[in-house]
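Chain by chain, the residues:
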Amino acid sequence: MSEAPLPPCDPELPGLGGTLKLLKNGFAFVDEGTRKHGPVFRTRLFGRPTAVITGPDASTRAVTT
């Protein structure tokens, strides 16, 4: 079984990832990630790997792939 490729991400602070940006302004954090990478991207939040999925089309695509 082959694994699906991981969604894109930005280089981030080790351990913190996008946590500080998210806490400062969550809407801007998601908007910036969506503009850069599309409706599905990854980050680290509170030290844990996290996928951010925006919009109904992206959530359907994430489930089916």
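Caption draft 1: Structural context of the environment of histidine 37. If you trace the backbone, histidine 37 turns up in helix H2 (residues 26-37). Taking relative accessible area as the criterion, histidine 37 reaches 23% and is therefore assigned partly exposed. Once the C-alpha coordinates of histidine 37 and proline 8 are considered, the two residues, 29 residues apart in sequence, prove to be 6.2 Å apart. The residues contacting histidine 37, other than those within four sequence positions of it, are Pro8, Cys9 and Asp10. A distance of 3.0 Å separates a polar atom in the side chain of histidine 37 from a polar atom in the side chain of aspartate 10.

Caption draft 2: Highlighting H2. With 12 residues, H2 extends 16 Å between its outermost C-alpha atoms, agreeing within 8% with the 16 Å of an ideal straight helix rising 1.5 Å per residue. Two to three positions downstream of the cap, the backbone nitrogen of phenylalanine 27 sits 3.3 Å from a side-chain oxygen, assigning the N-cap of H2 to asparagine 25. Glycine 38 lies just past H2 and shows a positive phi near 100°.

Parameters and conventions
Residues numbered from 1 in each chain as written. Predicted model: local features only at pLDDT ≥ 70, side-chain atom pairs only at ≥ 80, totals over all residues. Heavy atoms only, no water. Helix = DSSP H or I, 4+ residues; strand = E, 2+ residues; numbered from the N terminus. Buried < 20%, exposed > 50% of the residue type's maximum accessible area, 1.4 Å probe, protein only. Contact = heavy atoms within 4.5 Å. Polar contact = N/O pair within 3.5 Å; in protein donor to acceptor, adjacent residues only side chain to side chain. Expected span 1.5 Å × (residues − 1).

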